[in-house]
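# An overview of the molecular structure
Here are the chains, one letter per residue:
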Number of protein chains: 2
Amino acid sequence: MPHAIEDAPALESGTLRILPLGGLGEIGRNMAVFEIDGKLLIVDCGVLFPEEHQPGVDLILPDFSPIRERLDDILGVVLTHGHEDHIGAVPYLLRLRNDIPLIGSTLTLALIEAKLKEHRIQPYTLTVAEGQHEKLGPFDLEFVAVNHSIPDALAVAIRTAGGTVLHTGDFKMDQLPLDGRITDLRAFARLGEAGIDLFMTDSTNADVPGFTPRERDIGAVLESVIAKAPRRVIVASFSSHVHRVQQVLDAAAANGRKVALMGRSMVRNMGIAAELGYLKVPEGILIDYKKAANLPDDQIVYMSTGSQGEPMAVLARMANLDHQVEVGKGDTVILASSLIPGNENAVYRVINGLIALGATVVHKGNAKVHVSGHAAAGELLYCYNIVRPKNVMPVHGEARHLYANQQLAIETGVAEDRTILAENGTVVDLRDGVARIVGQLDLGEVYVDGSTVGQITDADLKDRRILAEEGFISIFVAVDAQTGRVVVGPELHARGFAPDDSVFDTVIPQIEKALTEAAENGTRDSHVFSQVVRRVVGRWVNTQHRRRPMIVPVVIVA
Amino acid sequence: MPHAIEDAPALESGTLRILPLGGLGEIGRNMAVFEIDGKLLIVDCGVLFPEEHQPGVDLILPDFSPIRERLDDILGVVLTHGHEDHIGAVPYLLRLRNDIPLIGSTLTLALIEAKLKEHRIQPYTLTVAEGQHEKLGPFDLEFVAVNHSIPDALAVAIRTAGGTVLHTGDFKMDQLPLDGRITDLRAFARLGEAGIDLFMTDSTNADVPGFTPRERDIGAVLESVIAKAPRRVIVASFSSHVHRVQQVLDAAAANGRKVALMGRSMVRNMGIAAELGYLKVPEGILIDYKKAANLPDDQIVYMSTGSQGEPMAVLARMANLDHQVEVGKGDTVILASSLIPGNENAVYRVINGLIALGATVVHKGNAKVHVSGHAAAGELLYCYNIVRPKNVMPVHGEARHLYANQQLAIETGVAEDRTILAENGTVVDLRDGVARIVGQLDLGEVYVDGSTVGQITDADLKDRRILAEEGFISIFVAVDAQTGRVVVGPELHARGFAPDDSVFDTVIPQIEKALTEAAENGTRDSHVFSQVVRRVVGRWVNTQHRRRPMIVPVVIVA
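Remember, predicted model here, so these are calculated numbers, not experimental data. (Residues numbered from 1 in each chain as written. Chains lettered and ligands numbered in written order. Predicted model: local features only at pLDDT ≥ 70, side-chain atom pairs only at ≥ 80, totals over all residues. Heavy atoms only, no water.)

## Considering the domain arrangement of chain A
Residues and elements named next belong to chain A. Here chain A is described as being made up of domain 1 (15–210 + 372–453), domain 2 (216–362) and domain 3 (470–557). Relative to domain 2, the C-alpha centre of domain 1 lies at a distance of 31 Å. Facing 15 residues of domain 1, the contacting portion of domain 2 comprises 14 residues. Taken together, the two surfaces of domain 1 and domain 2 that pack against each other cover about 1400 Å², and 63% of this comes from carbon and sulfur. Where domain 1 packs against domain 2, one counts 2 salt bridges. Across the pair Glu-118 and Arg-268 runs a salt bridge whose closest N-O atoms are separated by 2.9 Å. In this structure, the connection of domain 1 to domain 2 is made through 7 residue pairs in polar contact (both at pLDDT 80 or more). Taken together, the residues that form the side of domain 1 that touches domain 2 break down as 9 nonpolar, 3 polar and 3 charged. (Domains from an automatic or database assignment. Contact = heavy atoms within 4.5 Å. Buried area = accessible area lost by both parts, 1.4 Å probe. Salt bridge = Lys/Arg side-chain N within 4 Å of Asp/Glu carboxyl O. Polar contact = N/O pair within 3.5 Å; in protein donor to acceptor, adjacent residues only side chain to side chain. Nonpolar A, V, L, I, M, F, W, Y, C, P; charged D, E, K, R; others polar.)

Shown next as structure tokens:
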């Protein structure tokens, strides 16, 4: 019997095991591991962006520990599309074994290769396209075109001795997409006819009623807003949203304006998309933003990043007049983007700043300038009725999204006990057309902070939250090893607590007194002295200020 | 000529000066100062709740500095209604002069008196009602009924030698409110006929098209949700929303359920509202929540606080199973509340927790269980057309709201140069039917943290943000005053930076070397030594970790 995934129950030959490492109970770091007969296949390997209770964290990775000892058994990583929450953790996985094959569409691989270049990694890749079949050991893969907010996205059907899985990746069902590449429901139907034992489907918009509007409809809005704009137009959107940028280029061209792309990722991604033919750039419309300043105001569109209010991105810097392009009265700013929960204050800060500068701000709240990239409830119902899966496992979402998606499956006739509400680390085995939960692995958060990976712990984040809320007081004192008398200090310093250290004048004598008493009682141990200091300062700060700063006593017995 | 407000231009006799101290450019801490002939009148005195870039701050107060030297000239504070963002800063103003008269409706004064009791302040009050006139020195006041999300709200007309102002307070125009007390448009019309020189109007929903739905419509939704609920029902809303609670009580009664009020502020406020007759409590429907546990699940409704995901409030604790009421499968939770921007992640965390426990969660995203308390654009247009003011000054909102409100005034025929987009501290003078900006005071943020008021500065908050993002490294070392040699330390400690201090093994010798070199070069000054330490540790942490923790060197020359 093959070596099973660490901590998971033994896996019988001929049974397919599904282990989600990320993306369940959260929006991001999507990653699923499939195992049969000792071999592993991975679908997606993304990052999660931190929330406000995870200060200073740059990225959150899936916990690779269950596969750390199984790296040589990994036959490949299927990347369904090029968004960060699906490819962002690949560099960190390849650091563990750099020759794991990456399998994806042309654009998806181009985007991950550009990212890997920054990490100085040259990956092994296998380019696939919709309709294509690939056999990787016990995994027989078939790729299916799906429509999403980035081109060239794929769903993947995984045929194994344990059963057949259809994994949608992220998708929606725009019936008239810009590139004509629709989610291939005929393939979904054919696969369903042959029998889908487990349907893993995108839950992101499962709690949104009805249908996601067409991307195409945004074009007319952009065109009319730009037509009415008296002076400069600045459009902010996601730097990987090729079709959104395409519509901005077309709307600019229709209004005789040139377009300057701004923001490193925007310039890089659109360069790749144009080179590969996914972005059709009207002849001579692009212009360097420095040259753009020489054009009349009504002949320029700036296409920028920063639609989520990121303080370092182009748009926020414009709102702070901290950018060469100085926004002013008569300018029009379009946020052609979603508003990701948690970013509201940052985005509204930017909008308020732009309005205060005299700009007109157009956003999804007052115009139809954004549509989602994910299937809403109405679309998911179509999928369930077309595929008619034996078992359903909602993926990609918080608990509320997974639950809503499960309810949709049940409404279409899937038995509740054939629907699986899983979490990261839930071990699901598929055999004889039945999927069941057989275990739960305890996975952790892997925080990337600066150049460190997994060094920062939840305890450190707890400390950071305390420091953020209350600041700290550090107390240094050196005592004589023989007498226990204070020889240096006590020196008190604080940050984030009070404007100056003079507030400590009243507590210093209390500290000296307590230390002397402790010494007279025979204390010589620095830890005991530290506790004495902590107690005195803690009591003082609580009674004097009703606050709880972090207290950091350092007592040296010299 | 009377002593003018500090730093403001001189004020001629017979001119009315308007100085907003809060609520412009923000949602909260609403406060406006009116001055004429040496006397001051204040309308509202509220608090602002901090955003994520103000960690650890409990409340933000208006900056009182312009009136600090004028306290004896204050004839009274008109409180338009009992919400925190309109009354919350009163205790801090009364600390400066505790006999400033408070003028407001019965409920408003009852709520502020309850709050002041906690601050051990017994205020001087003047109870007023709609239709009532009061003369305070040069200010002739008339109070007008307005409808809002708390009962007994008032607008105030202020007649002076400089002109007449109509200040709406917060309001909407529900035409069929639960208590039948509508915004008195007939009074608005009469005042308009007589001539309103300056109209100060609530901007909160000015960028929301159309009309705010009726509070009344929520009742039927609550009743049907409760009727369908198989087990317990938990409703969370604002602790001052008397009519929302009224509808919950009525819906519970209609379904033969008892109601347990939970949360200190909910119990206190509803006690006051019931005692004064604003809340009509169906006979015997209220029950202590401890006793409620003995009732059958389908006969109880818990009415709680925490609708904004506040971690310490009842609802969040229920979601964490950290409350006597243990939420489980079959329970129904209703968030009959708005979702205040910035609270999204906290609220969704609570919703996800409740869903994971098996509860059904009903909220404004999936049912009509909340309506706003503020007039939307359509309602504001009615106001402008009924009042026909000579000058307009939008209040209560961020830049985007004030701008949207200004545009509505202009659309109804107010000349753009008769509309005033002001900020906190903008000095506006009204004379001969013309309002104009005559100055701008530089106001600060006054942070309440624990028992301290105004002690924490923006510099402290910047430190807190750095500490939150990166943590800190403290380095202690004592050097000999004569030789400059290190006698104690270097001792390195870090928080929020790394799990343990062993990471410093490599940098300690570098510090010792640098200090010795500095000493040999004649350095004896602790500040210079500190800079040496800061430089060495800073370079090390940047190259080794690509991070920027706060570096806190403490060098004692002993």
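This is not the end of the story, as more comes after the structure.
## Focus on the pairing of strand 10 (residues 153–160) of chain B
Residue and element names in this part refer to chain B. Of all 8 residues in strand 10, 7 are buried; the element is thus mostly enclosed. The antiparallel hairpin formed by strand 9 (residues 139–146) and strand 10 contains 6 residues in its connecting segment, where Asp-152 sits at a positive phi of about 65°. Here strand 10 pairs with strand 11 (residues 163–167) via 5 bridges, running antiparallel. Each bridged residue has a counterpart across the sheet, and for Val-156 the counterpart in strand 11 is His-167. In this structure, the hairpin formed by strand 10 and strand 11 is closed by a connection of 2 residues. (Buried < 20%, exposed > 50% of the residue type's maximum accessible area, 1.4 Å probe, protein only. Helix = DSSP H or I, 4+ residues; strand = E, 2+ residues; numbered from the N terminus. Pairing = 2+ DSSP bridges.)

## Some details on helix 15 (residues 508–520) of chain B
One full turn of an α-helix is made of 3.6 residues, so residues set three or four places apart face in the same direction. All names here are of chain B. Helix length check: helix 15 (13 residues) gives 18 Å between terminal C-alpha atoms against 18 Å at 1.5 Å per residue, within 8%. Of all the residues in helix 15, the buried ones are Ile-511, Ala-514, Leu-515, Ala-518 and Ala-519. Buried residues of helix 15 fall within an arc of 135° about the axis and therefore sit on the same side. Along helix 15, exposed side chains directed more than 90 degrees from the buried face belong to Lys-513 and Glu-520. (Expected span 1.5 Å × (residues − 1). Arc of directions from axis to C-beta.)

## Here's the deal with the sheet that holds strand 16 (residues 332–335) of chain A
Hydrogen bonds between backbone atoms are what pair the strands of a sheet, whose relative direction is either parallel or antiparallel. Residues and elements named next belong to chain A. Pairing in this open sheet of 5 strands is parallel, and the strands run 14-15-13-16-17 from one edge to the other. With partners counted over all chains shown, the strands left at the sheet margins are strand 14 (258–261) and strand 17 (360–363), one partner each. Strand-to-strand twist of the sheet, defined as the mean angle between neighbouring strand axes without regard to direction, takes the value 20°. Relative to strand 15 (residues 300–304), strand 13 (residues 233–236) is paired through 4 bridges, and the arrangement is parallel. Residue Ala-236 lies in a different strand from strand 15, and its bridge partner there is Ser-304. Of the strands in this sheet, strand 16 and strand 17 touch helix 11 (residues 344–356), which is tilted by about 150° from strand 17. (Axes fitted to C-alpha atoms, helices over the stretch in contact; angles between N-to-C directions.)

## Some thoughts on the sheet that holds strand 3 (residues 39–43) of chain A
All names here are of chain A. Taken in spatial order, the 8 strands line up as 7-6-5-3-2-1-19-20 in an open sheet, and their pairing is mixed. For this open sheet the edge positions go to strand 7 (125–127) and strand 20 (434–440), each flanked by a neighbour on one side alone. The average undirected angle you get between the axes of adjacent strands in this sheet is 25°. Strand direction decides the pairing type here: strand 19 (residues 426–431) and strand 20, joined by 6 bridges, are antiparallel. By the bridge assignment for strand 20, Val-427 is matched with Gly-439. Helix 4 (residues 106–118) contacts strand 6 (102–104) and strand 7 of the sheet and is inclined by roughly 140° relative to strand 6.

## Brief notes about the interface of chain B and chain A
The partner chain A presents 56 residues to the 56 residues of chain B that form the contact. For the pair chain B and chain A, the summed buried area comes to about 5000 Å², and 58% of that belongs to carbon and sulfur atoms. When the buried area of chain B at its contact with chain A is split by residue, B:Asn345, B:Arg400 and B:Arg495 rank highest and sum to 11% of it. Our count for the chain B to chain A interface comes out at 6 salt bridges. Of the charged contacts, one joins B:Arg349 and A:Glu51 as a salt bridge, the two residues approaching to 2.4 Å between their closest N and O atoms. The tally of links from chain B across to chain A stands at 22 residue pairs in polar contact (both at pLDDT 80 or more). For the side of chain B that touches chain A, the secondary structure elements donating two or more residues are helix 11 (344–356), helix 13 (399–411), helix 14 (458–470), strand 23 (472–479), strand 24 (486–495), helix 16 (526–545) and strand 25 (550–557) of chain B. Among the residues making up the side of chain B that touches chain A, the classes are represented as 23 nonpolar, 17 polar and 16 charged.

## Observations regarding the UniProt feature "active site" (unreviewed entry) in chain A
Residue and element names in this part refer to chain A. When the UniProt feature table is mapped onto this chain numbering, "active site" (unreviewed entry) sits at Asp-202 and His-374. In sequence the annotated residues extend across 173 residues, while in space they remain close, none of their C-alpha pairs exceeding 7.6 Å. Mapped onto the fold, Asp-202 is located in strand 12 (residues 198–202). Accessibility expressed as a relative area gives 14% for His-374, which makes it buried. A polar contact is formed between the side chain of His-374 and the side chain of Thr-204, at a distance of 3.5 Å. (UniProt positions renumbered as here; feature names shortened; annotations may be inferred.)

## Regarding the packing of aromatic side chains
The final tally for this structure, using the stated rule, is 12 aromatic pairs over all chains. Between A:Phe199 and A:Tyr384 the ring centres are 5.7 Å apart and the planes differ by 90°, which places this aromatic pair in the edge-to-face class. One end of the pair, A:Phe199, is in strand 12; the other, A:Tyr384, is in helix 12 (residues 377–387), with 185 residues separating them in the sequence. Grouping residues by exposure puts A:Phe199 and A:Tyr384 together as buried. Between A:Phe504 and A:Trp540, the ring centres sit 5.7 Å apart and the planes meet at 50°, which makes this aromatic pair tilted. Taken together, the residues span a long stretch of sequence, with A:Phe504 in the loop between strand 24 (486–495) and helix 15 (507–520) and A:Trp540 in helix 16 (residues 526–545) at a distance of 36 residues. Residue classification places A:Trp540 among the buried residues on the basis of a relative accessible area of 5%. Three or more aromatic residues link up through ring pairs in this structure, and these residues are A:Phe188, A:Phe199 and A:Tyr384. Across the ring face of B:Tyr348, the terminal group of A:Arg400 is positioned such that the distance to the ring centre comes to 3.6 Å. (Phe/Tyr/Trp six-rings, centres within 6.5 Å; stacked < 30°, edge-to-face > 60°. Lys NZ or Arg CZ within 6 Å of the ring centre and 35° of its normal.)

## Examining helix 5 (residues 185–194) of chain B
Residue and element names in this part refer to chain B. Within the span of helix 5, buried status applies to Leu-185, Ala-187, Phe-188, Leu-191 and Gly-192. Down the axis of helix 5, the buried set is contained in an arc of 155°. They therefore lie on one face. Seen from the buried face of helix 5, the exposed residues on the opposite side, beyond 90 degrees, are Arg-186, Glu-193 and Ala-194. Buried residues along helix 5 sit in contact with strand 9, strand 10, strand 11, strand 12 (198–202) and helix 12 (377–387). Capping the start of helix 5, Asp-184 holds a side-chain oxygen 3.2 Å from the backbone nitrogen of Arg-186, two or three residues further along. After helix 5 finishes, the residue Gly-195 shows a positive phi value of roughly 110°.

## Observations concerning the side chain of B:Asn345
By secondary structure assignment, the location of B:Asn345 is in helix 11. Here the side chain of B:Asn345 touches A:Glu52 through a polar contact of 2.9 Å, side chain to side chain. Not counting residues up to four positions away in its chain, the partners in contact with B:Asn345 are A:Glu51, A:Glu52, A:Pro341 and A:Gly342.

## Digging into the environment of B:Asp449
Within the element layout of this structure, B:Asp449 appears in strand 21 (residues 446–449). Residue B:Asp449 is classed as buried on the basis of its relative accessible area of 1%. Between the C-alpha atoms of B:Asp449 and B:Gly489, which are 40 residues apart in sequence, the distance is 35 Å. Dropping the residues within four chain positions of it, B:Asp449 is found in contact with A:Glu469, A:Glu470, A:His545, A:Arg547, B:Gly56, B:Asp58, B:Ile456 and B:Arg464.

## Some thoughts on the packing of helix 15 of chain B against helix 16 of chain B
Residues and elements named next belong to chain B. The interhelical angle for the contact between helix 15 and helix 16, taken along N-to-C directions, is 150°, at an axis separation of 10 Å. Between helix 15 and helix 16 lies a crossing of right-handed hand. Contacts from Gln-510, Ile-511, Ala-514, Leu-515, Ala-518 and Ala-519 of helix 15 reach helix 16 at Phe-529, Val-532, Val-533, Val-536, Val-537 and Trp-540. Across the contact of helix 15 with helix 16, the residue classes break down as 11 nonpolar, 1 polar and no charged. (Left-handed = near helix turned anticlockwise from the far one by under 90°.)

## A closer look at the environment of A:Gln324
Secondary-structure assignment places A:Gln324 in the loop between helix 10 (314–319) and strand 16. Taking the C-alpha atoms as reference points, A:Gln324 and A:Val314, 10 residues apart in sequence, are found 9.9 Å from one another.

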